[in-house]
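Structure at a glance
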Amino acid sequence: MRWWVKARGAHSTLVIGFLAFLFLVTGIREGSAVLPSFTNGIDPVPLMLFVPLPLVVGLVMCLESRLATAEVSGVRRVALFDAALSLSVIAMAMISSWFVSAALASPHAAAAGRNTAFLVGVTLLARSLFGQPAVMVPVAWLMVVVLFGFETGHRPRSWTIVPESVNSVHAAIASAAACVIGIAAQIISSRKTP
Amino acid sequence: MTLEMDSCTYAYRRWLKPVLTDFSWELPQGLTILLGPNGAGKSTLLRLCAAVTLPRTGTVRFQDTPSRRREYRQAIAWMPQNITPIRGLTAREYVSYLGWLKGMNRSEAWTEAAHALKRVELSELADTRTTRLSGGQLRRVGVAGALVHQARVILLDEPTAGMDPRQRRVFRDLLRDLADDVQVLMSTHDVADLAEEADNVAVLEGGRFLYSGDTAGFLSHTPPGTASGRRAEGAYTALLEQG
């Protein structure tokens, strides 16, 4: 188990990713920036949308740091350890963002935890299909959201999920579904030939 | 008491031409060298035997245990063609991790990793990170990984690539030593160096054997007039030309 942790680099990459997440979620709070958009004119976009990125990218880097054929032909259930690692990342992000939100009275901070769950799920699903290039999926998703995801008046379109308010029921359901599907895909795809 | 492939068919994708079709073979005792040009199916055959992948049809078995079973996987050791260095692991940790993956407990894997590294003369680099090892040193780490859990069958995919001549010598001695106790199947392009030391030779092309049998039989295909140091190479070339 210890060597699995070291092989994944969970003790370094994920810790750095998590610290970056905490730093950003605490520092950005309700900050926003004007970013180019095809559908939204010049309304500012909350920077909190981008906060999950270091953690999601860190998780993919960890999962890709592996001995693929040895793990497939071994007898340890490494796929389940990997699934537990992904769930831990989501849990840590949700708990810490909830605490930050409560401490700083920042509703955007609470949404960062939910958004991490959504982006991890989508990324794991893409990784099961395309492998390592899936690390670009959360970045691409956020770019598409910024460019096409807002209606005039700064209302997020329903498919965007990440800019929805923390109270949005459909965003919560979509995040939970993405999370479950992504982790299931991760376990199933681990049986594929590397 | 051997590794058998029974009517195995395997294609990397359903719509692609199979690499192996209805392929049956029994791995002989001792050291067997698997020869063949690039794309002949050597790595596929080894990956099937190593349970890295399962055949689409047919079975791979060791002592009647199919390759999907835990007992099979513990009986087989495997060294892939590409050894991936892992940033966080030293050579000893890397080998220990491979042992742990095969079901060894932590202290057993740690102890046996030291022995395995000693056998490939890499003890002095045991605490060096694998990202700092040369290609040849990494291959020796890979060989140590195949030795760590006392497997009954050892599968090596081009293990000598990148090794210097002295290390090849050490490796050949190690192979001879191993083959007394376990079955060893090794793919290589190093025909001249290794084929004459093997107990058996198999030549694969296009997913079928052009030859599979003892080394004397293989060498009997050597064209007349071939220099004595090039008999294996001559026999291999002759077999490929005969098709």
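**Structural notes on helix H5 (residues 78–104) of chain A**
Residues spaced three or four apart along an α-helix point in a common direction, a consequence of the helix completing one turn every 3.6 residues. The terminal C-alpha atoms of H5(A), which comprises 27 residues, lie 39 Å apart, in line with the 39 Å expected from a rise of 1.5 Å per residue. Of the residues one or two after H5(A), Ala105(A) is the one with positive phi, at around 50°.

**Considering the domain arrangement of chain B**
All names here are of chain B. Each assigned domain of chain B is listed here: domain 1 (1–26 + 42–68), domain 2 (69–189) and domain 3 (194–243). A C-alpha centroid distance of 23 Å is found between domain 1 and domain 2. Between domain 1 and domain 2, the contact holds 14 residues from the first and 14 residues from the second. Among the elements that line the side of domain 1 that touches domain 2, the one with the most residues is helix H1 (residues 42–49), at four residues.

**Side note on the sheet that holds strand S7 (residues 153–157) of chain B**
Across a sheet, paired strands are connected by hydrogen bonds in the backbone, their directions being either parallel or antiparallel. Residue and element names in this part refer to chain B. Judged by pairing direction, the sheet is mixed, and its six strands sit side by side in the order S6-S7-S8-S3-S9-S10 without closing on themselves. Edge strands, defined here as strands with exactly one partner in the open sheet, are strand S6 (76–79) and strand S10 (208–214). Across the sheet, the mean angle separating the axes of adjacent strands is 15° when strand polarity is ignored. As defined by bridge partners, strand S3 (residues 31–35) adjoins strand S9 (residues 200–205) across four bridges and the pair is classed as parallel. Within S9, the position partnered with isoleucine 33 by the bridge is valine 201. Docked against the sheet, H1 engages S3, S6, S7, strand S8 (183–187) and S9, running at close to 150° with respect to S8.

**With respect to the packing of helix H3 (residues 53–64) of chain A against H5(A)**
Residues and elements named next belong to chain A. Running from N to C, H3 and H5 point in directions that differ by 165°, and their axes come no closer than 11 Å. Taken together, the axes of H3 and H5 lie roughly antiparallel to each other. The two elements H3 and H5 meet at a crossing, and its hand is right-handed. Contacts between H3 and H5 involve Leu55, Leu59, Cys62 and Leu63 on the former and, on the latter, Asp82, Leu85, Ser86, Val89 and Ala93. Looking at the contact of H3 with H5 residue by residue, the class counts come to seven nonpolar, one polar and one charged.

**A few points about the pairing of strand S4 (residues 57–62) of chain B**
Residues and elements named next belong to chain B. Pairing analysis gives five bridges linking strand S1 (residues 3–10) to S4, with the strands arranged antiparallel. Bridge pairing in S4 places leucine 3 opposite phenylalanine 62. Direction of pairing for S4 relative to strand S5 (residues 65–66): antiparallel, over a ladder of two bridges. Across the sheet, phenylalanine 62 pairs through a bridge with threonine 65, a residue of S5.

**Quick look at the environment of Ser107(B)**
Structurally, Ser107(B) can be placed in helix H4 (residues 106–119). Distance in space between the C-alpha atoms of Ser107(B) and Gln242(B) is 53 Å, their sequence separation being 135 residues.

**So, helix H9 (residues 231–242) of chain B**
Residue and element names in this part refer to chain B. Compared with an ideal rise of 1.5 Å per residue, which puts twelve residues at 16 Å, H9 spans 16 Å between its outermost C-alpha atoms and is within 8% of the ideal. The set of residues buried in H9 consists of Arg231, Ala232, Ala235, Tyr236 and Leu239. Down the axis of H9, the buried side of the element spans an arc of 135°, and every buried residue falls inside it. One or two positions beyond H9, positive phi appears at glycine 243, with a value near 70°.

Rules used throughout
- Residues numbered from 1 in each chain as written.
- Chains lettered and ligands numbered in written order.
- Predicted model: local features only at pLDDT ≥ 70, side-chain atom pairs only at ≥ 80, totals over all residues.
- Helix = DSSP H or I, 4+ residues; strand = E, 2+ residues; numbered from the N terminus.
- Expected span 1.5 Å × (residues − 1).
- Domains from an automatic or database assignment.
- Contact = placed C-beta atoms within 7 Å.
- Pairing = 2+ DSSP bridges.
- Axes fitted to C-alpha atoms, helices over the stretch in contact; angles between N-to-C directions.
- Parallel < 35°, antiparallel > 145°, perpendicular 65-115°, else oblique.
- Left-handed = near helix turned anticlockwise from the far one by under 90°.
- Nonpolar A, V, L, I, M, F, W, Y, C, P; charged D, E, K, R; others polar.
- Buried ≥ 20, exposed ≤ 12 C-beta atoms within 10 Å, placed from the backbone.
- Arc of directions from axis to C-beta.

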